[in-house]
Amino acid sequence: SDWMVRQEDTLLSNLRLIANSQGTAKAISECSPETLYAIAFPLAVNARLEGVDVLDGQGVSLISLNVKPGAAAGEYQITQGDRFYRDHSFILQTLLGKVDEFGDKYSGLLATPWGNAFSVAGPVYDSEDKVVGAVLVSQSLASLAQEAGDEVLAQVTLYDLSGQMLASTFSGEVVGASGSLVMDVLNKQEKASRTRSVSIGGTNYVEVLGAWEARDGNDLGLLGVSLAETALVRTSSVTQLQIFILV
């Protein structure tokens, strides 16, 4: 969707600032987390980024900055030495210097000990055009759902490819989508969205389900946009149009 492309563009622009900053490639090659912190931290604070990771060529974190849950802007949890990044195919493609029709940067869902996020990864090249590492810029799924909900004035839920809820603006638990429903939505994503009824906190909602995909067409899961049944009857045509553009 256009909304997801805009989110990805924002992450990409900040990724480029960090990856292309003078000294980044050298600091990765020399395994200097102090230098990388000096480069990444002010850029992260200025752009109010939720997550920044700089990896070496083996996919090990040299420095990671992640906003603590409930913390004020600029309050980061700083870690080093994490190896779970290598478990994600989109990060491996980046480290291998793979280039496709969309370029050398890849995106995907990042599962971390401090929460799930949508992440964009880009390679860092040395002076000989060799990939020495990667930079990741991420946004938490909770934040992603909240921004989408604010845009369409509705409740938004993100589901993984198995139909399980990953994040939602609803305060309560949302029943996951069945495997058959997920497949139906993904198979028909170019033609139409699906709807279903959900009940949260005693209120009935109509949820519009569409494919949640990244810029390269990679399906991340499902995106659900919900309005209370009573609100759906009286909501403006503008709001309804925004919802269908989102999904």
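Residues numbered from 1 in each chain as written. Predicted model: local features only at pLDDT ≥ 70, side-chain atom pairs only at ≥ 80, totals over all residues. Heavy atoms only, no water.

**Considering the overall build of the protein**
Link 1 in the chain: Counting its regular elements, the protein contains eight helices and eleven strands.
Link 2 in the chain: Scaling as 2.2 N^0.38, a compact globule of 247 residues should have a C-alpha radius of gyration of about 18 Å, and the protein matches this with 19 Å.
Link 3 in the chain: Looking at the protein as a whole, 47% of its 247 residues qualify as buried.
Link 4 in the chain: Counting only contacts in the protein whose residues sit at least 6 apart along the sequence, the fraction spanning at least 24 positions is 50%.
Link 5 in the chain: Once the 16 positive and 29 negative side-chain charges of the protein are each reduced to a mean point, those two points are 1 Å apart. (Helix = DSSP H or I, 4+ residues; strand = E, 2+ residues; numbered from the N terminus. Rg over C-alpha atoms; globule rule 2.2 N^0.38 Å. Buried < 20%, exposed > 50% of the residue type's maximum accessible area, 1.4 Å probe, protein only. Contact = heavy atoms within 4.5 Å. Lys, Arg positive; Asp, Glu negative; His and termini not counted. Charge placed at Lys NZ, Arg CZ, Asp CG, Glu CD.)

**Re the sheet that holds strand S1 (residues 51-56)**
Two pairing modes exist for strands in a sheet, parallel and antiparallel, and in both the strands are linked by backbone hydrogen bonds.
Link 1 in the chain: Ordered by their spatial adjacency, six strands build an open sheet running S3-S2-S1-S6-S5-S4, and the pairing between neighbours is antiparallel. The open sheet has two edge strands, strand S3 (76-79) and strand S4 (106-112), and neither has a second partner. Pairwise comparison of adjacent strand axes, ignoring direction, gives a mean angle of 25° for this sheet.
Link 2 in the chain: Here S4 pairs with strand S5 (residues 115-125) via seven bridges, running antiparallel. Considered in S5, the bridge of Leu109 is made with Phe118.
Link 3 in the chain: Where helix H1 (residues 2-19) meets the sheet, its contacts fall on S1, S4, S5 and strand S6 (131-140), and the angle it forms with S5 comes to roughly 45°. (Pairing = 2+ DSSP bridges. Axes fitted to C-alpha atoms, helices over the stretch in contact; angles between N-to-C directions.)

**Points about the side chain of Ser107**
Link 1 in the chain: Following the sequence through the fold, Ser107 ends up in strand S4.
Link 2 in the chain: Polar contacts involving the side chain of Ser107 include one to the side chain of Glu8, which spans 3.2 Å.
Link 3 in the chain: Excluding residues within four positions of it along the chain, Ser107 makes contact with Glu8, Phe90, Phe118, Ser119, Val120, Ala214 and Asn218. (Polar contact = N/O pair within 3.5 Å; in protein donor to acceptor, adjacent residues only side chain to side chain.)

**Some thoughts on the pattern of salt bridges**
Link 1 in the chain: For the structure on display, the rule yields five salt bridges.
Link 2 in the chain: Note that Glu151 is salt-bridged to Arg6, the shortest N-O span being 2.6 Å. Remark: Arg6 occurs in helix H1 and Glu151 occurs in helix H5 (residues 141-152); sequence separation between them is 145 residues.
Link 3 in the chain: Of the residues examined, Glu151 reaches a relative accessible area of 35% and is grouped as partly exposed.
Link 4 in the chain: Residue classification places Arg6 among the partly exposed positions, given a relative accessible area of 40%. (Salt bridge = Lys/Arg side-chain N within 4 Å of Asp/Glu carboxyl O.)

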